[in-house]
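Spelled out from the first residue to the last, the chains are:
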There are 2 protein chains.
Amino acid sequence: MNTEERRASLAREGDESLAEPSTKQELDLNQFLPYRLNSLADRISQALAELYEERYQLNIAQWRVLAWLSHCDELTAKKVCSYTNMDKARVSRAIQALEERGLIRRTPAPEDQRQQDLHLTAAGQALLVKLIPEAQAWEAELVATLTAGEYRDLLNVMRKLERQLERIG
Amino acid sequence: MNTEERRASLAREGDESLAEPSTKQELDLNQFLPYRLNSLADRISQALAELYEERYQLNIAQWRVLAWLSHCDELTAKKVCSYTNMDKARVSRAIQALEERGLIRRTPAPEDQRQQDLHLTAAGQALLVKLIPEAQAWEAELVATLTAGEYRDLLNVMRKLERQLERIG
DNA sequence: CGAGCATAGTTGCTGTTGAAACTATATGTC
DNA sequence: GACATATAGTTTCAACAGCAACTATGCTCG
């Protein structure tokens, strides 16, 4: 896609702009993908966060650690960092909080004393058994208006953008 | 779209999961739209932020205020809040910083002394004349691999999700 | 008018975050 | 084995965001 085509995709009804002389640069944030995407993702994240914040006293970082633990038997803080793209300080604090609440346990890794293996406790598992279906139900409601094709295409486009992001750096 | 179809869209090659007994709930964050979307948007935002952070010493809030000013002749802090969904304290501080740097000017609104009309200074305009094309070029590179159709569909799906978000609350 | 309520914007306070410094363990090289 | 270097995780510190309290102005209705 070239810039012209993109412009056309974005054009609104009341669009009277024809190549303004460059004394004035305009940018409509509502037609600027990074802003729109971030805005949407923020609101989704925020709304969902209330689910685990208000009802389970988990912040986003803690929830992500738990979610990864739900299907990784061998997990360390480092892995969480690379999987979730979160800063290691943030991960470290999330793990601390989860351990203090008795939701996870950590044991020094036998092969490398610097690492700590993370595991769900029974309490942690019990919490996830309740929380995960709620999160999935919420997601289902969010995407309920999309057709299967739209959903698939969305994922495809997201994958493309992710790949392109890595290329751009 | 129903849950079954969505599952199918998400299924990966190595997917051997068939309705596990509920003693263990699993959630793959990589197949969880809110997470994926947030992750993508965050990385895009982060990458773009470097553009105006490192090279123009603008944070995201300040950049958004400037961008809105670039095509709104009449703007107040309140409007920025509602347009951008940012907290009024955040907007207030962004405006303060921009004024101190001489990029914007604010004058008490004649019809209501509580409000302040915001305007770009010449310096602010000059900065945008350089920054906006860079931001647009970056965006163009990001979406360069999408076809026009994919781009249009992405925007459509985003609109749908936004509407659905408001319904869910 | 004036008492109470509403609104635009600011400020104080607190919690969260990320970068960088730090600790402790591991590895590699001589 | 000893010293240099790398790595996992923690802690410190400064920036920032968000809530709530506050100020100042405007509005409403008696």
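Residues numbered from 1 in each chain as written. Chains lettered and ligands numbered in written order. Predicted model: local features only at pLDDT ≥ 70, side-chain atom pairs only at ≥ 80, totals over all residues. Heavy atoms only, no water.

1. Overview of the pairing of strand β1 (residues 104-109) of chain B
All names here are of chain B. In the sheet, β1 pairs with strand β2 (residues 112-120) via six bridges, with the strands oriented antiparallel. Its bridge partner being in β2, T107 is matched across the sheet by D117. Here β1 folds back onto β2, and the loop between the two strands holds two residues. (Pairing = 2+ DSSP bridges. Helix = DSSP H or I, 4+ residues; strand = E, 2+ residues; numbered from the N terminus.)

2. Section: the protein's contact with DNA strand D
All names here are of chain A. Taken together, 19 residues sit near DNA strand D, with K78, S92, R93, R106 and R114 positioned nearest. Each atom of DNA strand D within 4 Å of the protein was classed as base or backbone; sugar and phosphate made up 61%. At 2.6 Å from a base oxygen of DNA strand D is found a side-chain nitrogen or oxygen belonging to R114. Between DNA strand D and Q116 there is a distance of 3.1 Å, counted from a phosphate oxygen to a backbone nitrogen or oxygen. Per-element accounting of the surface near DNA strand D gives the leading share, five residues, to helix α5 (residues 88-100). Residue composition of the surface near DNA strand D, by class: three nonpolar, six polar and 10 charged. (Near = heavy atom within 4 Å. Polar contact = N/O pair within 3.5 Å; in protein donor to acceptor, adjacent residues only side chain to side chain. Nonpolar A, V, L, I, M, F, W, Y, C, P; charged D, E, K, R; others polar.)

3. Quick notes on the environment of E150 of chain A
Considering the arrangement of structural elements, one finds E150 of chain A in helix α7 (residues 148-168). Among the residues examined, E150 of chain A registers a relative accessible area of 22% and is labelled partly exposed. Among residues more than four places away in sequence, those in contact with E150 of chain A are T145 of chain A together with V157 and K160 of chain B. (Buried < 20%, exposed > 50% of the residue type's maximum accessible area, 1.4 Å probe, protein only. Contact = heavy atoms within 4.5 Å.)

4. As for the interface of chain A and chain B
Listed by partner, the interface residues are 76 residues for chain A and 76 residues for chain B. Taken over both partners, the interface formed by chain A and chain B buries close to 8000 Å², and the fraction arising from carbon and sulfur atoms is 63%. The largest share of the area that chain A buries against chain B comes from M1, Q25 and L27 of chain A, three residues that together contribute 8% of it. At the junction of chain A and chain B, the tally comes to six salt bridges. Taking the shortest distance from any N to any O, the salt bridge between R36 of chain B and E162 of chain A comes out at 3.4 Å. Counting every contact that joins chain A to chain B gives 16 residue pairs in polar contact (both at pLDDT 80 or more). Elements with a contribution of two residues or more to the side of chain A that touches chain B: α1 (3-10), α2 (33-56), α3 (60-71), α4 (77-84), α6 (122-142) and α7 of chain A. (Buried area = accessible area lost by both parts, 1.4 Å probe. Salt bridge = Lys/Arg side-chain N within 4 Å of Asp/Glu carboxyl O.)

5. As for the packing of aromatic side chains
Under the definition given, this model contains six aromatic pairs over all chains. Taken together, the ring pairs in this structure connect F32 of chain A together with Y52 and W63 of chain B into an aromatic cluster. (Phe/Tyr/Trp six-rings, centres within 6.5 Å; stacked < 30°, edge-to-face > 60°.)

6. What to know about the confidence of the model for chain A
Atom-level detail of predicted coordinates should not be read off regions where pLDDT is low. Per-chain confidence: chain A averages 89 in pLDDT, with 87% of residues scoring 70 or above. Predicted confidence is poor over residues 12-22 of chain A, with pLDDT under 50, and the contacts of this stretch with residues over four places away or in other chains come to five contacts. (pLDDT = per-residue confidence, 0-100.)

7. With respect to helix α3 (residues 60-71) of chain B
All names here are of chain B. Counted at 1.5 Å a residue, the expected span for α3 with its 12 residues is 16 Å, and the 18 Å between its end C-alpha atoms agrees. Burial of α3 is extensive: 10 of the 12 residues sit out of reach of the surface. Looking at α3, one finds that the buried residues are A61, Q62, W63, R64, V65, L66, A67, W68, L69 and S70. (Expected span 1.5 Å × (residues − 1).)

8. Focus on the protein's contact with DNA strand C
Neighbouring DNA strand C are 19 residues, the closest being Q113 of chain A together with K78, S92, R93 and R106 of chain B. Counting only the atoms of DNA strand C that lie within 4 Å of the protein, the sugar and phosphate share comes to 57%. In this structure, a phosphate oxygen belonging to DNA strand C sits 2.6 Å away from a main-chain N or O atom of Q113 of chain A. Within the backbone of Q116 of chain B, a nitrogen or oxygen atom sits 3.2 Å from a phosphate oxygen of DNA strand C. Taken together, the elements giving at least two residues each to the surface near DNA strand C come down to α5 and β2 (112-120) of chain A together with α4 (77-84), α5 (88-100) and β2 of chain B. No other element matches α5 of chain B, which puts five residues into the surface near DNA strand C. Taken together, the residues that form the surface near DNA strand C break down as three nonpolar, six polar and 10 charged.

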